[in-house]
Amino acid sequence: MLWRTLLEAQVAIGNYYRPRAELLEIQRRKLRSTVRYAFDNVPLYHRWFRDRGMVPDDVNGLSDLARLPILTRDEIRKSFPGDITVRGAPVGMTLTTSGTTSSGPLRVQRGVRYSDVLLALQIRKMWVGGVRPWWKTPLFQVQGPDIPFNRYTPAVVMWRLMFRSFALHVVTLRPKRIDLRAGRVRTAALEFYAYRPQVVQMPPTFLRRVGYMLRDEGKSLDMKLVFAGNEPLTRACRRELMDLYRCDVLDIYGATELGILGYECRAHRGIHLNSDYFAFELTRGDGPASEGESSDVVVTTLENEAMPILRYRLEDMVVVGGDEKCDCGSSLPRLARVEGRRKSRLVAADGALIPTSYVTESLEGRYGIRDYQVVQRKGDAILLRLRKEDDTKENLAALSGFFSQLLGARQSVETEEWDLEEMPVKYLAVSTDLASGD
Ligand SMILES: [Zn+2]
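In this report, we go over the structure that sits alongside the text. From a predicted model like this one, the values you see are computed outputs, not experimental measurements. (Residues numbered from 1 in each chain as written. Predicted model: local features only at pLDDT ≥ 70, side-chain atom pairs only at ≥ 80, totals over all residues.)

## Quick look at the overall build of the protein
Spelled out, the test is: Numbering of helices and strands runs from the N terminus, with a helix taken as a DSSP run of H or I at least four residues long and a strand as a DSSP run of E at least two residues long. Using C-beta atoms placed from the backbone, we call a residue buried if 20 or more other C-beta atoms fall within 10 Å of its own, exposed if 12 or fewer do, and partly exposed for counts in between. Any two residues are considered in contact once their C-beta atoms, placed from the backbone, lie within 7 Å.
Secondary structure assignment for the protein yields twelve helices and 20 strands. Residues counted as buried form 41% of the 438 residues belonging to the protein. Counting only contacts in the protein whose residues sit at least 6 apart along the sequence, the fraction spanning at least 24 positions is 66%.

See below:
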């Protein structure tokens, strides 16, 4: 409902400036009630506690969560809906995640209240980014070959938006749909232009492609702010987007399964995590990761009344950010950056795992290549999909040297031409066919 969203947005914005100790207390309180609620209402979690001889009161804070197991994608898939949702809880949305992850799509539910809370977090994000209410901010829903539009029955939607959830109104009525199946990129760029957006949130590499297409056609937009979501943002891509759209670019971190997890502020000091609405465990091996270290992300939702998610490990690796108060005035914890998917790290000859971000930053920053895909076929064979203009002898020689040195073994690099029109909207820039050991 509208009032609930607005009230929650006011609370969320207030939280943004709270001292760290108060934020931790809010998180602890919500965590305790989430655990109690999950124990009482979700069969899967009830078993988790029972099998370990635990009761909800055993979880007093973040560190106690480690006594519970990690929730895997497979477990969610197996348990959905009966075993992992709350019977009778009002469902705002049932979502299907995109299939770019290694293990295929996943279905999840968001409660009506949770949908409103997530919208409040979107409002906080806009507010942190300095978005003015009169800036044209269409919500684009992008459809690619493996990203289905989430569908709603019109009658259900009408009833819900009138009486239940403001968020549903926004996501069901507002989105401009852009169909991006292969062969439609140029048309989609023009559709995008036709809306004359001033604030957008989209995968940055797609926005970059659109930006160049529009520039080539002599078209320009009066863009105020770009939120880069859905994939890691490289430094080179950020610079190009700022140049193409002549505005600031803020990085967003989220997951369809959970909602919006964090965002960069105008001070550009990393991605502030919504730790007042989610509990984050940033871990390395068995213990917590510290600043500057590469880390796993395990998330617990603190508000989803229809499908609480406890200790869900995301497929991404991140780098833990600074702990001190940010220049923007917020004490919310930060990520330094997102490194990319765990499964898409390249495997070096000595078994070391090289994060996506290292590869993409090098290819884009050092070699000036964009819109590519790297596939590690074997220990000594790399397939590179490149745009025609990047597929040159000089690049091939330089890149063979780069990959040989990076992976510690001589690489045979094979290139394949990749047409802009054929490139999917959302894809993994780096992937490996080798088992990466986890
Ligand atoms: Zn900040």
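## So, the sheet that holds strand E17 (residues 373-378)
To keep it simple, the criterion reads: One requirement defines pairing of two strands: DSSP has to find at least two bridges between them. Where helices are involved, their axes are fitted lines through C-alpha atoms of the stretch in contact, as for all axes, and angles between N-to-C directions lie from 0 to 180°.
A sheet is described by the order of its strands in space; here four strands give the open sequence E19-E18-E17-E20, paired in mixed fashion. The strands lining the two open edges of the sheet, one partner per strand, are strand E19 (412-417) and strand E20 (430-432). Averaged over neighbouring strand pairs, the angle between their axes works out to 20 degrees when direction is ignored. Relative to E19, strand E18 (residues 381-386) runs parallel, the two sharing six bridges. What sits directly across from leucine 383, in E19, is glutamate 414. Across the sheet, helix H12 (residues 393-407) lies against E18 and E19, angled at about 135 degrees from E19, the strand it touches most.

## Things to note about the nonpolar core
Formally: Working definition: the nonpolar core is a set of buried Ala, Val, Leu, Ile, Met, Phe, Trp, Tyr and Cys residues, joined through C-beta atoms within 7 Å.
Ranked by internal contacts, the top residues of the largest apolar core, which has 77 residues, are Val226, Phe278 and Val299. Tallying contributions element by element places helix H5 (residues 112-128) first for this core, with seven residues. When residues no more than four places from it in sequence are discounted, the contact partners of valine 299 are Leu258, Leu261, Phe278, Phe280, Tyr312 and Leu314. Membership of the second largest hydrophobic core comes to 15 residues, among which are Ile369, Leu399, Phe403 and Leu407.

## Notes on the sheet that holds strand E8 (residues 259-264)
The mixed open sheet is built from ten strands, whose spatial order is E5-E6-E7-E8-E9-E14-E13-E12-E10-E11. Looking at strand neighbours, the two that pair on one side only are strand E5 (199-202) and strand E11 (287-288), the edges of this open sheet. Pairing analysis gives four bridges linking strand E7 (residues 248-255) to E8, with the strands arranged antiparallel. Among the inter-strand pairings, glycine 254 is bridged to a residue of E8, identified as isoleucine 260.

## Section: the environment of threonine 96
Looking at the element boundaries, threonine 96 is found in strand E1 (residues 91-96). Between the alpha carbons of threonine 96 and arginine 107 there is a distance of 4.6 Å; along the sequence they are eleven residues apart.

## As for the packing of helix H10 (residues 235-245) against helix H11 (residues 356-366)
The criterion, for reference: We call two directions roughly parallel when the angle between them is under 35 degrees, roughly antiparallel when it is over 145, roughly perpendicular when it lies between 65 and 115, and oblique otherwise.
Where H10 meets H11, the closest approach of the two axes is 7 Å, and the angle between their N-to-C directions is 50 degrees. The angle between the axes of H10 and H11 places the two elements in the oblique class. The segment H10 lies against H11, with Arg235, Ala236 and Cys237 engaging Glu361, Glu364 and Gly365.

## Some points on the environment of isoleucine 271
The topology assignment puts isoleucine 271 in strand E9 (residues 271-273). Considered as a pair, isoleucine 271 and leucine 335 are 64 residues apart in the sequence and their alpha carbons are 5.0 Å apart. Once residues lying within four places of it in the same chain are set aside, the contact partners of isoleucine 271 are Asp251, Tyr253, Gly262, Tyr263, Glu264, Arg334 and Leu335.

## Quick look at the packing of helix H1 (residues 2-16) against H5
Quick reminder of the rule: Put simply, a crossing is left-handed when the front helix is turned counterclockwise from the back one by less than a right angle, and right-handed when it is turned clockwise.
For the pair H1 and H5, the least separation of the axes is 8 Å and the interaxial angle reads 50 degrees. Classified by the angle between their axes, H1 and H5 sit oblique to one another. For the pair H1 and H5, the sense of crossing is right-handed. Contacts from Arg4, Thr5, Glu8, Ala9, Ala12, Ile13 and Tyr16 of H1 reach H5 at Asp116, Val117, Leu119, Ala120, Leu121, Ile123, Arg124, Trp127 and Val128.

## So, H5
Convention followed: For a helix, the expected span equals 1.5 Å multiplied by the residue count minus one.
The end-to-end C-alpha separation of H5 is 25 Å, in line with the 24 Å expected for 17 residues at 1.5 Å each. Positive backbone phi, approximately 75 degrees, marks glycine 130, located one or two places after H5.

## Considerations on helix H2 (residues 20-41)
Quick reminder of the rule: The directions from the helix axis to the C-beta atoms are what the arc is built from.
When the terminal C-alpha atoms of H2 are compared, their 31 Å separation across 22 residues agrees well with the 32 Å that a helix rising 1.5 Å per residue should span. Turning to H2, its buried residues number three or more, namely Gln27, Leu31, Thr34, Val35, Ala38 and Phe39. All buried residues of H2 fall inside an arc of 125 degrees around its axis, so they share one side. Turned more than 90 degrees away from the buried face of H2 sit Glu25, Arg29, Ser33 and Asp40, all of them exposed.

## Some points on unusual backbone geometry
The peptide bond linking phenylalanine 80 to proline 81 adopts the cis configuration, its omega dihedral lying at -5 degrees. Tracing the backbone shows proline 81 in the loop between helix H4 (73-79) and E1. The phi dihedral of arginine 196 is positive, around 50 degrees, even though this residue is not glycine. Structurally, arginine 196 can be placed in the loop between helix H8 (185-194) and E5. Phi is positive for arginine 246, which is not a glycine, with a value near 50 degrees. Among the secondary structure elements, arginine 246 is positioned in the loop between H10 and E7.

## As for the environment of phenylalanine 402
Turning to its location among the elements, phenylalanine 402 is positioned in helix H12. Taking the C-alpha atoms as reference, phenylalanine 402 lies 9.9 Å from tyrosine 367; in sequence the two are 35 residues apart.

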